[in-house]
Amino acid sequence: MSRARLTEDEITAGLTGIPEWSRVGDTIVRTADAKDFPAAIRVVVTVAAAAEELDHHPDIDIRWRTLHFALSTHSAGGLTALDLTLAARIDTALRAEAPEA
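Everything numeric in this text was worked out from a predicted model, so none of it was measured.

### Focus: the environment of Leu71
Here Leu71 lies in strand β4 (residues 66-71). Given a relative accessible area of 1%, Leu71 falls into the buried group. For the pair formed by Leu71 and Pro58, sequence separation is 13 residues and the distance between their alpha carbons is 5.2 Å. In this structure Leu71 touches Trp21, Asp26, Thr27, Ile28, Pro58, Leu79, Asp83, Leu86, Ala87 and Ile90, once residues within four positions along its chain are discounted.

Dropping the structure here:
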């Protein structure tokens, strides 16, 4: 997967596919709640496996059951396709551990 920095148009288009994410400068961020602390940890373990597979690692902050994710490709100086791909995988991990409605 390319580590080339995305254009503004590519970033805008890419964010339409991951609507829970927002852009803050050269980073995309998302906050989500798991149903409990063990579920939050399971999300992190799933994300860790995806990050290793992609060789691209997010910043993750856990506060009880609240997870904060931040993605940026520091070596490229901004956002790349890796960030969008990992964001989508994080969304999948979160859906798997979604709190009961």
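### Quick look at the nonpolar core
Considering soluble globular proteins, one finds that nonpolar side chains tend to be buried as a cluster. Trp21, Ile28, Phe69 and Ile90 are the most contacted members of the largest nonpolar core, which has 25 residues in total. If one sorts the elements of this core by residue count, helix α2 (residues 37-54) sits on top with 7 residues. Other than its neighbours up to four places away in sequence, Phe69 contacts Trp21, Ile28, Val29, Arg30, Val43, Val47, Asp59, Ile60, Ile90 and Leu94.

### Quick notes on unusual backbone geometry
Negative phi characterises most residues that are not glycine, and trans characterises most peptide bonds. In this model, Asp55 sits at a positive phi of 55 degrees, which is unusual for a non-glycine residue. Tracing the backbone shows Asp55 in the loop between α2 and β3 (59-63). Positioned with a positive phi, Trp64 is a non-glycine residue whose angle comes to about 55 degrees. Looking at where Trp64 falls in the secondary structure, it is placed in the loop between β3 and β4. Owing to a relative accessible area of 60%, Trp64 belongs among the exposed residues under this scheme.

The rules behind the values
Residues numbered from 1 in each chain as written. Predicted model: local features only at pLDDT ≥ 70, side-chain atom pairs only at ≥ 80, totals over all residues. Heavy atoms only, no water. Helix = DSSP H or I, 4+ residues; strand = E, 2+ residues; numbered from the N terminus. Buried < 20%, exposed > 50% of the residue type's maximum accessible area, 1.4 Å probe, protein only. Contact = heavy atoms within 4.5 Å. Core = buried A, V, L, I, M, F, W, Y, C linked by side-chain atoms within 4.5 Å.

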